[in-house]
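Listed below, chain by chain, are the residues.
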Amino acid sequence: MAKQTYIITGASKGIGFEWSRQLSDAGHIVIGLARTEPENWPGVGFLPFDLTRLDAIEDIIAQALRLIPKETETIVLVNNAGTIEPIGLAHTNDAAQVSQSIALNLTAPMLLCAAFIRQLEKSTADKKIVNISSGAGRKVYEGWSAYCAGKAGLDHFSSCLDAENKNVKVVSVAPGIIDTGMQEKIRQSDATDFPMLEKFLDYKESGLLSSPEETARLLMEMTQRADFKRLPTILDIRNLPQEEGGV
């Protein structure tokens, strides 16, 4: 398999870390971005960075791209970082938390995608963007208005971006309900703030949450499909179309 390089945000934990580990084990180059570098980072490079520093995103992409080996044939940007907070009814949420949620879940990925495309405009490598979305961007969850809005925006932005760029394939994929730190925060919330709390507690108790390991494996397989460029822009990892043959 040709060598590939992945730039993954939110790479310090959850599916970001697990995906990085599996890619590294498969011999690919992984450059991680997150506020704190994890112990035993499996990738080639790690850049500690707070994605809410929007004015520094152009430079952090430049730093990441400088770490990519010249022989790389495929470069993939994965916008995985995100936050569920604030959890609460829209009229009760703190303005600063709402602003930070939109910055991390939507504005930062938009700017990262733009910088990635702009700085690689002359590159002959195959270029892909995978935006990690959520079912919350496609249906209503009371108490998650900021998160739902950010992910809905990410879906529609991805569709626009894919239409605009013929040399960069963009997908926005919902990864399912995964047993990560985000789910822990959800289970620790108050039913007044999140009326669906009992349902999410039941997901955990009934063993209905996917593991980060399995989800990362499915995402890796999706990104490396021979027909990746023909996939719909808006996807759910649990309901992918059957793979077509050829490229």
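Since the model is a prediction, treat every value here as computed from it, not as a measurement.

## Considering the overall build of the chain
A count of helical and extended segments in the chain gives seven helices and seven strands. Each helix and strand of the chain, placed in order from N terminus to C terminus, yields the pattern β-α-β-β-α-β-α-β-α-β-α-α-α-β. Scaling as 2.2 N^0.38, a compact globule of 247 residues should have a C-alpha radius of gyration of about 18 Å, and the chain matches this with 17 Å. Once the C-alpha set of the chain is aligned to its principal axes, its extents read approximately 55 × 40 × 40 Å.

## Quick word on the side chain of Ser20
Tracing the backbone shows Ser20 in helix α1 (residues 14–25). Those residues in contact with Ser20 that lie beyond four places of it in its chain are Ile8, Ala11, Val30, Trp41 and Pro42.

## Focus: the packing of α1 against helix α7 (residues 212–223)
Between two packed helices, the angle of one axis relative to the other and the distance separating the axes together describe the packing. Between α1 and α7, the shortest axis-to-axis distance is 8 Å and the interhelical angle comes to 60 degrees. Here α1 lies oblique to α7, going by the angle between them. Our pair here, α1 against α7, has a crossing hand that is right-handed. Residues Gly14, Ile15, Glu18, Trp19, Gln22 and Leu23 of α1 touch α7, and the partners they reach there are Pro212, Glu213, Thr215, Ala216, Arg217, Leu219, Met220 and Thr223.

## Digging into helix α2 (residues 57–66)
In an α-helix there are 3.6 residues to a turn, and that puts residues three or four apart on one side. Regarding α2, the residues found buried are Ile57, Ile60, Ile61, Ala62, Ala64 and Leu65. If you follow the buried residues of α2, they end up packed against β1 (4–9), β2 (29–34), β3 (45–48), β4 (74–79) and α3 (95–119).

## Examining the packing of aromatic side chains
Inspection of the entire model under this criterion finds five aromatic pairs. Relative to Tyr147, the ring of Trp144 has its centre 5.8 Å away and its plane inclined at 90 degrees; by these criteria the two rings are edge-to-face. Both residues of the pair, Trp144 and Tyr147, count as buried. Taken together through their ring pairs, the aromatic side chains of Phe17, Trp41 and Phe46 make up a single cluster. Over the ring of Phe228 we find Lys128, and its NZ or CZ is 4.8 Å from the ring centre.

## Examining the pairing of strand β5 (residues 126–132)
Within β5, six of the seven residues are buried, which leaves the element mostly enclosed by the surrounding structure. When β4 meets β5, the two strands line up parallel, connected through six bridges. Along β5, the bridge assignment pairs Asn79 with Asn131. Taken together, the six bridges between β5 and strand β6 (residues 168–174) define a ladder with parallel strand orientation. Counted as the bridge partner of Lys128 is Lys169 from β6. Where the polypeptide runs from β5 across helix α4 (residues 145–164) and back to β6, its parallel neighbour, the crossover connection is right-handed.

## Considering the state of the cysteines
Enumeration according to the criterion identifies zero disulfides in this entry. Here Cys113 stays unpaired: no disulfide links it, and the sulfur of Cys160, its closest cysteine neighbor, is 12 Å away. Accessibility expressed as a relative area gives 0% for Cys113, which makes it buried. With no disulfide partner, Cys148 has as its closest neighbouring cysteine sulfur the one in Cys160, 20 Å distant.

How each quantity is defined
- Residues numbered from 1 in each chain as written.
- Predicted model: local features only at pLDDT ≥ 70, side-chain atom pairs only at ≥ 80, totals over all residues.
- Heavy atoms only, no water.
- Helix = DSSP H or I, 4+ residues; strand = E, 2+ residues; numbered from the N terminus.
- Rg over C-alpha atoms; globule rule 2.2 N^0.38 Å.
- Contact = heavy atoms within 4.5 Å.
- Axes fitted to C-alpha atoms, helices over the stretch in contact; angles between N-to-C directions.
- Parallel < 35°, antiparallel > 145°, perpendicular 65-115°, else oblique.
- Left-handed = near helix turned anticlockwise from the far one by under 90°.
- Buried < 20%, exposed > 50% of the residue type's maximum accessible area, 1.4 Å probe, protein only.
- Phe/Tyr/Trp six-rings, centres within 6.5 Å; stacked < 30°, edge-to-face > 60°.
- Lys NZ or Arg CZ within 6 Å of the ring centre and 35° of its normal.
- Pairing = 2+ DSSP bridges.
- Right-handed = clockwise from strand over helix to strand, strands pointing away.
- Disulfide = S-S within 2.5 Å.

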